[in-house]
Amino acid sequence: MNKKLRKAIIAGNWKMNNTPAQTKKTINELKPLVEKCKKCEIVLCVPFVDIQNAVKAAKDTNIKIGAQNVHFAEKGAYTGEISAQMLLECGVEYVIIGHSERRQYFGETDETVNKRVLAALNAGLKVILCVGEVLTEREQDVTSEVVSRQTKIALLGVDKKMLKNVVIAYEPVWAIGTGKVATADQADEVCGIIRNVLAEKYGAKAAEGTTIQYGGSMNAQNSAELLAKVNVDGGLIGGASLKPADFAQIVKNAQ
Ligand code: 13P
């Protein structure tokens, strides 16, 4: 198992926070704090209406911009939705798909996650695919089955070449926004299970090359221990990504 085979990626998921004006301010604050960080890829996934300002503020820096969802159709009568092509034209490079908040509150299923993954990859976006168990599932000891199922269905129709543009984020739902972080060993174990699923489908080499992040109450204090684990290649950060100094510290811990 060799961590050096894959890219460390720290991504912020701003969720429904920051207006366009706040976006400009936050990114301008973050820029000098991370400008020397070259060994780790930095991504900010912002609300749709913030994309334009985020792309402008991050121009010519090492910060990449992502979105938090994408529709699976190319275009058409889908009121309120945003297509992959629209995101690409706005300068977006990454998109989060299947976040647990979308599964919980907006009817996202493994099948719709799969459709979005295919649409995003076919259009040329990079995908941050979220998987993770809820508390009852962990308590009933079915975490492995749950994340394996979510990963397998999300990646139906994704071939080895397309996998290069996929990052997987293991986000135990019970750890999101709760301050209750998974232990480094728990995170490492489940990221390892996901890597085994990838190895079965794509072979060991492709699995070894895929970045798998942990997400769920990761912060400036606990990130070093989590990121030191062999199967944890980065983080998907919610709350702490809203504070430039904290987010920058996590990026430094990933180097
Ligand atoms: P928190 O870091 O706020 O727990 O959120 C994690 C998350 O959901 C990132 O996508």
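Everything that follows concerns the structure shown earlier in this document.
Heads up: these notes are all about the structure in this document.

Conventions and cut-offs
- Residues numbered from 1 in each chain as written.
- Predicted model: local features only at pLDDT ≥ 70, side-chain atom pairs only at ≥ 80, totals over all residues.
- Heavy atoms only, no water.
- Disulfide = S-S within 2.5 Å.
- Pairing = 2+ DSSP bridges.
- Helix = DSSP H or I, 4+ residues; strand = E, 2+ residues; numbered from the N terminus.
- Axes fitted to C-alpha atoms, helices over the stretch in contact; angles between N-to-C directions.
- Contact = heavy atoms within 4.5 Å.
- Near = heavy atom within 4 Å.
- Polar contact = N/O pair within 3.5 Å; in protein donor to acceptor, adjacent residues only side chain to side chain.
- Areas by Shrake-Rupley, 256 points an atom, 1.4 Å probe, with all protein chains shown as cover.
- Nonpolar A, V, L, I, M, F, W, Y, C, P; charged D, E, K, R; others polar.
- Expected span 1.5 Å × (residues − 1).
- Buried < 20%, exposed > 50% of the residue type's maximum accessible area, 1.4 Å probe, protein only.
- 1 Å grid on protein atoms, 1.4 Å probe; cavity = no way out; pocket = protein on both sides within 12 Å on 5 of 7 lines; lining within 4 Å.
- Points joined across faces, edges and corners; volume = space filled by probe spheres on them.

A few points about the state of the cysteines
Here is step 1: Considering all chains together, one arrives at zero disulfides under this definition.
Here is step 2: The cysteine C37 is free of any disulfide, with C40 supplying the nearest cysteine sulfur at 7.1 Å.
Here is step 3: Free cysteine: C45, not disulfide-bonded; nearest cysteine sulfur from C130 at 8.8 Å.

Let's talk about the sheet that holds strand β2 (residues 40-45)
Here is step 1: Pairing is parallel in the closed barrel, where eight strands are placed in the order β1-β2-β3-β4-β5-β6-β7-β8. For this sheet the average axis-to-axis angle between neighbouring strands, irrespective of direction, equals 25 degrees.
Here is step 2: Relative to strand β4 (residues 94-97), strand β3 (residues 63-67) is paired through two bridges, and the arrangement is parallel. Note on β4: the bridge partner recorded for G66 is Y94.
Here is step 3: Across the sheet, helix α7 (residues 143-154) lies against β5 (126-131) and β6 (166-170), angled at about 150 degrees from β5, the strand it touches most.

Remarks on the site of the ligand
Here is step 1: Every residue near the ligand is listed here: N13, K15, H99, E171, A175, I176, G177, G216, S217, L236, G238 and G239.
Here is step 2: Here an oxygen atom of the ligand and a backbone polar atom of G239 are 2.8 Å apart.
Here is step 3: In isolation the ligand offers 310 Å² of accessible surface; the protein chains occlude 95% of this area.
Here is step 4: Classifying every residue of the shell around the ligand gives three nonpolar, seven polar and two charged.

A closer look at helix α5 (residues 110-123)
Here is step 1: The end-to-end C-alpha distance of α5, which contains 14 residues, comes to 20 Å, matching closely the 20 Å that a straight helix rising 1.5 Å per residue would cover.
Here is step 2: Taken as a whole, α5 has its buried residues at D110, T112, V113, N114, R116, V117, A119, A120 and L121.

Describing the layout of surface pockets
Here is step 1: What the largest pocket holds in volume is close to 490 Å³.
Here is step 2: Around the largest pocket, the lining comprises 23 residues; the ones closest to its centre are K15, M16, Q68, R102 and F106.
Here is step 3: For the lining of the largest pocket, the per-class residue count stands at nine nonpolar, nine polar and five charged.
Here is step 4: By volume, the second largest pocket is sized at about 430 Å³.
Here is step 5: As for the second largest pocket, its lining consists of 21 residues, of which K164, K205, A206, G209 and T210 are closest to the centre.
Here is step 6: At the level of secondary structure, the elements contributing two or more residues to the lining of the second largest pocket comprise α8 (160-163), β6 and α10 (204-208).
Here is step 7: Looking at which element gives the most residues to the lining of the second largest pocket, the answer is α10, with four residues.

Comments concerning unusual backbone geometry
Here is step 1: Phi is positive for K15, which is not a glycine, with a value near 55 degrees.
Here is step 2: With respect to the secondary-structure elements, K15 resides in the loop between β1 (8-13) and α1 (20-34).
Here is step 3: Not every positive phi belongs to a glycine, and N18 is a case in point at roughly 80 degrees.
Here is step 4: Positionally, N18 belongs in the loop between β1 and α1.
Here is step 5: Relative accessible area serves as the criterion here: at 21%, N18 is assigned to the partly exposed category.

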